[in-house]
Amino acid sequence: MRPTAEEIERLLVGTPAHHTRGEVAARAGVSQELAERIWRALGFATLADDAVAFSDADVAALRRVRKMLDSGLMDEPTVIRMARALGQTTARLAQWQAEIMVGAMLPPDVQPSDADLARILETSQQLLPDFEHVLIHVWRAQLAAAGTRLLAIADINDDLVPTRVSLAVGFADLVSFTRRSRELSERELAELVEGFESRAADVVAVHGARLVKTLGDEVLFTAPSRAQAARIALDLVETGELRIGMAYGPVLPMMGDVFGTTVNLAARLTAIARPGTIVVDADLAEGLAEEGFDLHKIRRRPARGLGVVQPYVLRRSSP
């Protein structure tokens, strides 16, 4: 029999729903307005007043929020921002993991039966405790890594929690992605994109930098130092299927992303780069030249919205 939504929620969440949205707020000791703002920030729909959709676990979670607010450690705007970060990140994580499980347990291009769906749900329930422990461990480790990056940035910028920092920013772009997407099947295209993103993530991690986001045929990464960014780009471009643009300068970190003219310049330089090449801006090139990297000046080019720029091609030094 096909699992129902109630069965999925009971098996994965664990506690049944028996509170309305007004009741869950009252039991947690927070205003209904704040509770609704938190649920929306987490990415959940606003339900009717009489909908019984909240569990004792939801009450406990809201009580923890109230405790943080009462302690003065966080104010309401900060709580909402934290909730939005949590909701968006875990929604993507959950969707991704669900797709992985379905892909691993079902043959490709086959419509799953009710028995298949029940088997996937049963397996997920068995794996859930271990996944939960690993998730918490990895989250703490990533917090530690983020703190380490902040300290490294502070050493460069003399500011522990900077609003604008100087970083190396790079875009790596798959060459001829549009043409290749027309030639490949959906499964082949998915394998191409996943392989590209996986390799990029591995290379960035090996060099102690940060993969900011993936955009299908493109990834955005940042590095505290010019040399780190150069080594990442040189390792990534070896396949010849990429083109990379990089720039160094001030960026605005916000919502896990980075913004600013430096980011825009790196994107424009990616468009200039030929397949299998790395193009960098003058600031990045100057710093890399001082560290012995091989750079070649090319003709000045107009960059949309940024005027005329002086690009350089970065190459691996000859042995």
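Residues numbered from 1 in each chain as written. Predicted model: local features only at pLDDT ≥ 70, side-chain atom pairs only at ≥ 80, totals over all residues. Heavy atoms only, no water.

**Student:** Which parts of the structure should I look at to understand the overall build of the protein chain?
**Tutor:** Assigned secondary structure in the protein chain consists of eleven helices and twelve strands. By principal-axis analysis of the C-alpha atoms, the protein chain measures approximately 70 × 55 × 35 Å. Here the protein chain, with 319 residues, has 34% of them falling under the buried criterion. As displayed, the protein chain has an accessible area near 19200 Å², and 55% of this comes from carbon and sulfur atoms. For the protein chain, the centre of its 36 positive side-chain charges and the centre of its 43 negative side-chain charges are spaced 7 Å apart. (Helix = DSSP H or I, 4+ residues; strand = E, 2+ residues; numbered from the N terminus. Buried < 20%, exposed > 50% of the residue type's maximum accessible area, 1.4 Å probe, protein only. Areas by Shrake-Rupley, 256 points an atom, 1.4 Å probe, with all protein chains shown as cover. Lys, Arg positive; Asp, Glu negative; His and termini not counted. Charge placed at Lys NZ, Arg CZ, Asp CG, Glu CD.)

**Student:** Sorry, what's going on with the pairing of strand β5 (residues 218–223) here?
**Tutor:** The two faces of the sheet receive side chains in turn, since in a regular strand these alternate between them. Of all six residues in β5, six are buried; the element is thus mostly enclosed. Side chains E218, L220 and T222 project from β5 onto one buried face, and the interleaved V219, F221 and A223 project onto a second face that is buried too. Judged from the four bridges that link them, strand β4 (residues 210–214) and β5 form a sheet pairing that is antiparallel. Along β5, the bridge assignment pairs T214 with V219. The turn linking β4 back onto β5 is made up of three residues, and G216 within it adopts a positive phi angle of 80 degrees. (Pairing = 2+ DSSP bridges.)

**Student:** In this structure, what is going on with helix α2 (residues 21–28)? I would like to understand it.
**Tutor:** Each α-helix turn comprises 3.6 residues. Residues three or four places apart therefore point the same way. Listed as buried for α2 are R21, V24, A25 and A28. On an axial view of α2, the arc spanned by its buried residues comes to 95 degrees, and they lie on one face. Those residues of α2 that are exposed and aimed more than 90 degrees away from the buried face are A26 and R27. Residues of α2 that are buried make contact with β1 (17–19), α3 (32–42), β2 (54–55) and α4 (56–71). One or two residues past the end of α2 sits G29, with phi positive at roughly 80 degrees. (Arc of directions from axis to C-beta. Contact = heavy atoms within 4.5 Å.)

**Student:** Is there a simple way to explain the side chain of T222 in this structure?
**Tutor:** Its location among the elements puts T222 in strand β5. Among residues more than four places away in sequence, those in contact with T222 are L167, A168, V169, A209, R210, V212 and V258.

**Student:** Explain the nonpolar core to me, please; I cannot follow it from the model alone.
**Tutor:** Across soluble globular proteins, nonpolar side chains have a tendency to be buried as a group. L236, M246, I278, V280 and L314 are the most contacted members of the largest nonpolar core, which totals 35 residues. Taken together, the elements giving at least two residues each to this core come down to β3 (165–174), α8 (186–206), β5, α9 (226–236), β6 (242–254), β8 (278–280), α11 (282–290) and β12 (312–315). Counting residues per element, this core draws most heavily on α9, at seven residues. Counting residues in each nonpolar core, the second largest holds 19 residues, with L167, V212, A247 and V279 among its members. (Core = buried A, V, L, I, M, F, W, Y, C linked by side-chain atoms within 4.5 Å.)

**Student:** Explanation requested: the packing of aromatic side chains in the structure shown.
**Tutor:** Geometry of an aromatic ring pair is reported as the spacing of the ring centres plus the angle between the planes. Counting across every chain of the model gives one aromatic pair. Stacked on the ring of Y248, the Lys or Arg R226 has its end atom at 3.8 Å from the ring centre. (Phe/Tyr/Trp six-rings, centres within 6.5 Å; stacked < 30°, edge-to-face > 60°. Lys NZ or Arg CZ within 6 Å of the ring centre and 35° of its normal.)

**Student:** Looking at this structure, I do not really get the environment of A57. What am I missing?
**Tutor:** Along the chain, A57 turns up in helix α4. Remark: the alpha-carbon pair of A57 and V24, spanning 33 residues in sequence, is separated by 9.8 Å.

**Student:** Looking at this model, I keep getting lost on a nonpolar patch on the surface. Mind explaining?
**Tutor:** Residues I8, L12, V13 and L128 make up a contiguous nonpolar surface patch of about 290 Å² in total accessible area. No other element matches the three residues that helix α1 (residues 5–13) contributes to the nonpolar patch. L128 gets classed as partly exposed once you look at its relative accessible area, which sits at 30%. (Patch = residues over 30% accessible without salt bridge, like charges linked within 9 Å, V, L, I, M, F, W, Y side chains within 5 Å. Salt bridge = Lys/Arg side-chain N within 4 Å of Asp/Glu carboxyl O.)

**Student:** How should I be thinking about the packing of α2 against α3 in this particular structure?
**Tutor:** Each pair of packed helices gets described by two things: the angle between the helix axes and the distance between those axes. Remark: α2 packs on α3, axes separated minimally by 9 Å, with the N-to-C direction vectors making an angle of 110 degrees. By the angle class used here, α2 and α3 are roughly perpendicular. Along this stretch, α2 crosses α3, giving a crossing that reads as right-handed. Seen from α2, the contacting residues are R21, G22, V24 and A25; seen from α3, they are Q32, A35, E36 and W39. (Axes fitted to C-alpha atoms, helices over the stretch in contact; angles between N-to-C directions. Parallel < 35°, antiparallel > 145°, perpendicular 65-115°, else oblique. Left-handed = near helix turned anticlockwise from the far one by under 90°.)

**Student:** Can you help me understand α4 in this one?
**Tutor:** A rise of 1.5 Å per residue sets the reference length of α4, with its 16 residues, at 22 Å; its end C-alpha atoms lie 23 Å apart and thus fit the reference within 8%. Residues of α4 that are buried include every one of V59, L62 and V65, and no others. Down the axis of α4, the buried set is contained in an arc of 120 degrees. They therefore lie on one face. Seen from the buried face of α4, the exposed residues on the opposite side, beyond 90 degrees, are R64 and K67. In this structure, the buried side of α4 is in contact with β1, α2, α3, β2 and α5 (76–105). Where α4 begins, the capping side chain belongs to S55, and its oxygen is found 3.2 Å from the backbone nitrogen of A57. Once α4 finishes, G72 follows within two positions and takes phi at roughly 80 degrees, a positive value. (Expected span 1.5 Å × (residues − 1). Polar contact = N/O pair within 3.5 Å; in protein donor to acceptor, adjacent residues only side chain to side chain.)

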